Amino acid sequence: MKEAQELGNQIGNWLGNLLNEWGVAGGSLRYVKMFVLLALTVIIALIIDLIVRKILISFLHKIADRSKTNFDDHLIERNITRYISQWLPAIFVSAVIPVVFHDFDFLITPLTEIVDIYLYIVIALFIQALLQGSRDYLLTKDKFKDKPIQSLAQLLNIASWIVVAILIFSELTEKPVTNLFAALGAASAVLLLIFKDTILGFVGSIQLSYNDMVRVGDWIVMSKYGADGNVTVINLNTVKVLNWDNTITNVPTYALISDSFINYRNMEEGPGRRIKKAIYIKQSTVRFLEKKDLEKLKDIQLITKYIESKQLDIDSYNQKNNIDKSLAINGRN
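Each value, and the rule that gives it
- Residues numbered from 1 in each chain as written.
- Predicted model: local features only at pLDDT ≥ 70, side-chain atom pairs only at ≥ 80, totals over all residues.
- Heavy atoms only, no water.
- Helix = DSSP H or I, 4+ residues; strand = E, 2+ residues; numbered from the N terminus.
- Buried < 20%, exposed > 50% of the residue type's maximum accessible area, 1.4 Å probe, protein only.
- Areas by Shrake-Rupley, 256 points an atom, 1.4 Å probe, with all protein chains shown as cover.
- Expected span 1.5 Å × (residues − 1).
- Arc of directions from axis to C-beta.
- Contact = heavy atoms within 4.5 Å.
- Core = buried A, V, L, I, M, F, W, Y, C linked by side-chain atoms within 4.5 Å.
- Polar contact = N/O pair within 3.5 Å; in protein donor to acceptor, adjacent residues only side chain to side chain.
- Axes fitted to C-alpha atoms, helices over the stretch in contact; angles between N-to-C directions.
- Parallel < 35°, antiparallel > 145°, perpendicular 65-115°, else oblique.
- Left-handed = near helix turned anticlockwise from the far one by under 90°.
- Nonpolar A, V, L, I, M, F, W, Y, C, P; charged D, E, K, R; others polar.
- Salt bridge = Lys/Arg side-chain N within 4 Å of Asp/Glu carboxyl O.
- Pairing = 2+ DSSP bridges.
- Patch = residues over 30% accessible without salt bridge, like charges linked within 9 Å, V, L, I, M, F, W, Y side chains within 5 Å.
- pLDDT = per-residue confidence, 0-100.

With respect to the overall build of the chain
Helix and strand counts for the chain come out as 14 helices and five strands. Here the chain holds 333 residues, and 30% of them are scored as buried. Accessible area of the chain: about 22,600 Å², with a carbon and sulfur share of 61%.

Here is the structure:
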């Protein structure tokens, strides 16, 4: 800070002398000096941004195009390079604020805090793009398609924003981060209540994956929520089901742990499907076939030979064993 102040004094004195030579004097001198330095800062920041975009970003795009893996392609799609390009101009602006506003000390602290907050937000957006790109890449791999990658990415994203919010609050209140974490520990019960659904959803997604209860693409039926179709998304809070009428049902992730549902995956992956149907039979119609019934059935060519051979076998058995056929229950029929 002292070095910045000394540099600000030197630049301020030099620019003040130069403006005096140009005829600027009196109370307006410090305002003109501030606006000149501010204009130079904006111009240099724009030049830095242009250089980063033209050189660094194009270089990273070329590396992504030539690399064998498509991981960097997913990062590029999530505009991760845009957030990288915003770091250097912001760092430069933060460094020169004490110089630009040397004659206005009361503005240095709030403007520095604003730039620092901007940097924190850019870092959070960078982490978010990194997590989304990593998620997109992992979901292209077969061994990760049935894992709760999306839930984990969402949880880490929420955690990163919470950390950024704590850092911003610490910046604005000028209190150590450790004090804020201590206060959060004391308010843990309230936090658990606020993030109850998120915590339950994360635990539910982990259990669903670990126990292999449901995967993306499975056909599930959950009558309680009106879900009957294929699972399309499993994230931190909801499981999206594309129903057969092309509507979408959002089922809470934890509900798949606490409530029952039907998963047809085993039926679809197996060689056949079991069908359970109820067939009602009138009791009085259950009886042995009579000769007139057999003669009628012999007209069906597919079973004619079977009936004839079976009838010869039954008659031979009954005759051989002297079966009394005056009662239908005796012998074979």
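Examining helix α14 (residues 301–320)
The end-to-end C-alpha distance of α14 is 29 Å, a good match for the 28 Å that 20 residues give at a rise of 1.5 Å each. Among the residues making up α14, those that are buried are Thr-304, Ile-307, Ile-314 and Asn-318. One face of α14 carries all of its buried residues, which in axial projection span an arc of 110 degrees. Facing away from the buried surface of α14 by more than 90 degrees, the exposed residues are Lys-305, Tyr-306, Leu-312 and Lys-320. For α14, the elements touching its buried residues are α13 (291–297). In the stretch just after α14, Asn-322 is the one whose phi turns positive, near 50 degrees.

So, the nonpolar core
Val-214, Ile-220, Met-222, Val-231, Val-241, Val-251 and Leu-256 are the most contacted members of the largest nonpolar core, which has 13 residues in total. Elements that contribute at least two residues to this core include exactly β1 (219–222), β2 (227–234), β3 (238–243) and α11 (255–258). The element best represented in this core is β2, accounting for three residues. Every residue in contact with Met-222, bar those within four places of it in the chain, is listed here: Ala-227, Val-251, Ala-255, Leu-256, Asp-259, Ser-260 and Phe-261. In this structure, Leu-37, Val-96, Val-100 and Ile-108 belong to the second largest nonpolar core, which totals nine residues.

A few points about the side chain of Ser-134
Here Ser-134 is to be found in helix α6 (residues 105–138). Within the structure, Ser-134 has its side chain in polar contact with the backbone oxygen of Leu-130 (distance 2.8 Å).

Comments concerning the side chain of Asn-157
The residue Asn-157 is located in helix α7 (residues 149–173) in this model. When near neighbours in sequence (up to four residues on either side) are disregarded, Asn-157 contacts Gln-128 and Leu-131.

Some words on the packing of helix α5 (residues 87–100) against α6
Two elements in contact, α5 and α6, have axes whose closest approach is 9 Å; the angle formed by their N-to-C orientations is 165 degrees. As judged from the angle between their axes, α5 and α6 are roughly antiparallel. As α5 runs across α6, the sense of the crossing is left-handed. In contact with Trp-87, Ala-90, Ile-91, Val-93, Ser-94, Ile-97 and Pro-98 of α5, α6 contributes Ile-108, Leu-111, Thr-112, Val-115, Asp-116, Tyr-118, Leu-119, Val-122, Ile-123 and Phe-126. Its residues assigned to classes, the contact of α5 with α6 shows 14 nonpolar, two polar and one charged.

A few points about the environment of Ile-76
Mapping Ile-76 onto the fold places it in helix α3 (residues 71–77). For the pair Ile-76 and Leu-60, spaced 16 residues apart in sequence, the C-alpha separation works out to 8.7 Å.

Thoughts on the pattern of salt bridges
A side chain of one charge can pair with a side chain of the opposite charge if their charged atoms are brought near each other. If you walk through the whole model with that rule in mind, you get five salt bridges. The closest approach of N and O atoms between Asp-259 and Lys-224, which form a salt bridge, is 3.2 Å. Of this pair, Asp-259 sits in the loop between α11 and β5 (262–263) while Lys-224 sits in the loop between β1 and β2, and the two are 35 residues apart along the sequence. Here Asp-259 falls in the partly exposed class, since its relative accessible area comes to 23%.

A closer look at the pairing of β3
Residues Val-239, Val-241 and Asn-243 point to one face of β3 and are all buried, whereas Thr-238, Lys-240 and Leu-242, pointing to the other face, are not buried. Counting the residues that bridge the hairpin from β2 to β3 gives three residues. With antiparallel pairing between neighbouring strands as the criterion, β3 and strand β4 (residues 248–252) make up a hairpin whose turn holds four residues, including Asn-246 at a positive phi of roughly 70 degrees.

Re a nonpolar patch on the surface
A cluster of nonpolar side chains, contributed by Phe-35, Leu-38, Val-42 and Leu-46, occupies part of the molecular surface with about 370 Å² of accessible area. Summarising the element assignment, Leu-38 is placed in helix α2 (residues 29–66).

Examining the confidence of the model for the chain
Chain-level statistics for the chain give a pLDDT mean of 78 and a share of 81% at 70 or above. Here helix α1 (residues 2–21) stands out as the least confident element of the chain, with mean pLDDT 54; α14 is the most confident, with 92.

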